[in-house]
Amino acid sequence: MPDDPILSTYNALRAARSPWEGWWERLRHYVLPSRQPGEDALLPADDTPGAAGQPLCDTTAVEACQKLAGAHMSYITPGHEMWFKWTSPDPAAGDEAQSWYNRCSEIANRELALSNFYTELHECFLDRVGLGTGSMFCGTSRSGRLLFRHIPCGQFVCAENDEGCIDTYMREFSFSPHQAESRFGAAALGPRARTLCEQAADRHSPCLRFLHAVRPRDKRNRSRSTARDMAWQSLYYSLDDNVAVEESGYREMPYMVTRFLKWGESPYGLAPARLVYPDIERAQFLNRILDTLGEVAAFPRILELANQVGEVDLRAGGRTLINPESASLGYPREWATQGRYDVGMDRLRQKQESINRAFFIPMLELWSERKQLMTAAEVYARENERVMQFSPSFTLFASDFQPLMERVFALLFRLGRFPQPPSTVLVPGTRGEPSIAEPHVVYQGRIAMVIRRLQSEGIERSLARLHSMAALEPALADHVDLDATFRLAARLDGVPEQMLRPEHRVKRLRRERQESAAAAAGQSAPVPPTGDAGPAPALMQAQPQPLTPTAAA
């Protein structure tokens, strides 16, 4: 059925992806050799220059990719600490709402640690760093746990909407007849798949091709919550029989695509290795030449007379007998062994340093070399300089990761993992029913902390300037809300939320202190303004009912 809209869309997106496939293949060979199916690029192969199977002679790019992907795990999403927390989207929601989102953040971090999240995320980060584009699926397992799956780069196509968000995602995969029958049921399969399920001698070899397409649903009944009326359409399509085998839906986009850097209007990302690809190739060539030069120095070429063939002993401590005529001519002797090994090494180091800079290795080495004799101010200055160079990639990561964080929040809420929400986090839904406001995500990894510290340093500089100017004009202090400034600076510095007293407790402490001082002076305490004391008015009393997980989730 060549005019099927699903196949037409898939083929069009594959055609748009085709220019990237050649680059991905080159980068896999030089940066991610483990991503080459059925081939070990580290083993010797054809030595012809430029051959596709040519072995790696320089692993600088491979090591740099591994280090930067590991830095993503250690400095952006460290599994041993809370690397993110959710906050209320409404700053005026109060401490009760903030406390509830904080508890949800702690639960979510534990749930991620209990799942396969970090294992699959590392594979995703390797693709993000090495190939420029990584992808991962987020759903739930049959046991009710979060389930993640890394989708290798090149096995999916995607497209963005007018706001630059990934809203169409299709991936091709293979199932064995046993898996297909178990997943979809024999009745839903096409004729070829059913025949294989019934007659195949080996029912466990992947031989059936399927396509999973997720895209916004054009027409749906918003008053219903069935799988076919959810915001995202999920369609499994048999590429062997050209039939749809399952249609359902998702409440949130289940696939996440993260790019290292944006490349024009393309939905696929730019890898750091592509920026220094000529240096990567040249480093391979130089290392190959230096290996040859080293071998020649260790095992020099020998020039000998024709009548000396087989008589020159090249063994350690060997003895070669020559006649006076050969001795007068200077045979045997070394030949064509001259070469500037030091010049080659200098050029190779230049290429390797260029590759390491592209992968931000100097930033990582700064953190691994903190034992050097540097003051805290020097360390902060270097961190600020180098991390700010990485900030475009981190900002894009935060933007690309947002759908995944929303998905995790919604899944855990529907699974009943979160405590009952207070009324201060509820907002009217599309049909008037109370629903949970989507939280903001605050990242707390090392890189995020350095970026936020720049904001905190701006606060400190402004306060220092205010302090010096207030000596001339005390009224300038009226411009600054010191309570709000301190709480903002503390949160930018990543202090635990338990360290900050709720605002109503701070007001109560100040009122009690004022009353004690007034009593000691024999005066009556002034009556506080109406808005300073007393409980905050309840916003909504209705509580949301936990939603049923999607059929496809």
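Residue indices follow the written sequence of each chain, beginning from 1 at its first position. Given that the model is predicted, a residue must reach a pLDDT of at least 70 before its local features are reported, and side-chain atom pairs must reach 80 or more before they are shown or counted; all residues, however, enter totals for whole chains, interfaces and linings. To obtain the side-chain values, all non-hydrogen atoms of the structure were used and water was disregarded.

Student: How should I be thinking about the pattern of salt bridges in this particular structure?
Tutor: Any two side chains of opposite charge can pair, so long as their charged atoms come close to each other. Criterion for a salt bridge: a side-chain nitrogen of Lys or Arg within 4 Å of a carboxyl oxygen of Asp or Glu. If you walk through the whole model with that rule in mind, you get 20 salt bridges. Across the pair aspartate 483 and arginine 510 runs a salt bridge, and its minimum N-O distance is 2.7 Å. Here aspartate 483 is found in helix α14 (residues 482–492), whereas its partner arginine 510 is found in helix α15 (residues 503–520), with 27 residues between them in sequence. Categorising residues by exposure relies on relative accessible area from a 1.4 Å probe, with only protein chains included: less than 20% of the type maximum marks a residue as buried, more than 50% marks it as exposed, and the intermediate range marks it as partly exposed. For arginine 510, a relative accessible area of 41% corresponds to the partly exposed category. Within this structure, Glu160, Arg259, Lys262 and Asp400 form a network of salt bridges that share partners. Helix numbers and strand numbers start at the N terminus; a helix is a DSSP run of H or I with at least 4 residues, a strand a run of E with at least 2.

Student: What's the story with the environment of aspartate 240 in this structure? I'm lost.
Tutor: Tracing the sequence through the fold places aspartate 240 in the loop between β7 (232–238) and β8 (243–250). Overall, aspartate 240 belongs to the partly exposed group, its relative accessible area being 25%. Along the sequence, aspartate 240 and arginine 192 sit 48 residues apart, while their C-alpha atoms lie 7.2 Å from each other. Once residues lying within four places of it in the same chain are set aside, the contact partners of aspartate 240 are Arg192, Cys207, Leu208 and Arg209. Think of a polar contact as two N or O atoms within 3.5 Å of one another; within protein, one of them needs to be a possible hydrogen donor and the other a possible acceptor, and neighboring residues in sequence only count if both atoms come from side chains. A polar contact is formed between the side chain of aspartate 240 and the backbone nitrogen of arginine 209, at a distance of 2.7 Å. What makes two residues a contact is simply this: any of their non-hydrogen atoms within 4.5 Å.

Student: Whenever I open this one, the nonpolar core confuses me. Can you help?
Tutor: A general tendency of soluble globular proteins is for nonpolar side chains to be buried together. We define a nonpolar core as any set of buried Ala, Val, Leu, Ile, Met, Phe, Trp, Tyr and Cys residues linked to one another through side-chain atoms lying within 4.5 Å. With 120 residues, the main nonpolar core has Val31, Trp86, Phe117, Phe359, Phe401, Tyr443 and Ile447 as its most contacted residues. The biggest single contributor to this core is helix α12 (residues 376–414), with 13 residues. Excluding residues within four positions of it along the chain, tyrosine 443 makes contact with Trp83, Phe84, Phe394, Phe397, Ala398, Phe401, Met405, Ala448 and Arg452.

Student: Help me understand the pairing of strand β6 (residues 208–216) in this model?
Tutor: Pairing between strands is defined by DSSP: at least two bridges between the two strands are required. In this sheet, β6 lies alongside strand β5 (residues 166–175) in antiparallel orientation, the contact comprising 7 bridges. Opposite methionine 170, over in β6, you have alanine 213 as the bridge partner.

Student: So what exactly am I meant to see when it comes to unusual backbone geometry here?
Tutor: Comment: phi is negative for the bulk of residues other than glycine, and the bulk of peptide bonds are trans. Even without being glycine, asparagine 242 reaches a positive phi, approximately 55°. Residue placement: asparagine 242 occurs in the loop between β7 and β8. Note on asparagine 242: relative accessible area 23%, which makes it partly exposed. We note that phenylalanine 360 has phi near 60°; this positive angle belongs to a residue other than glycine.

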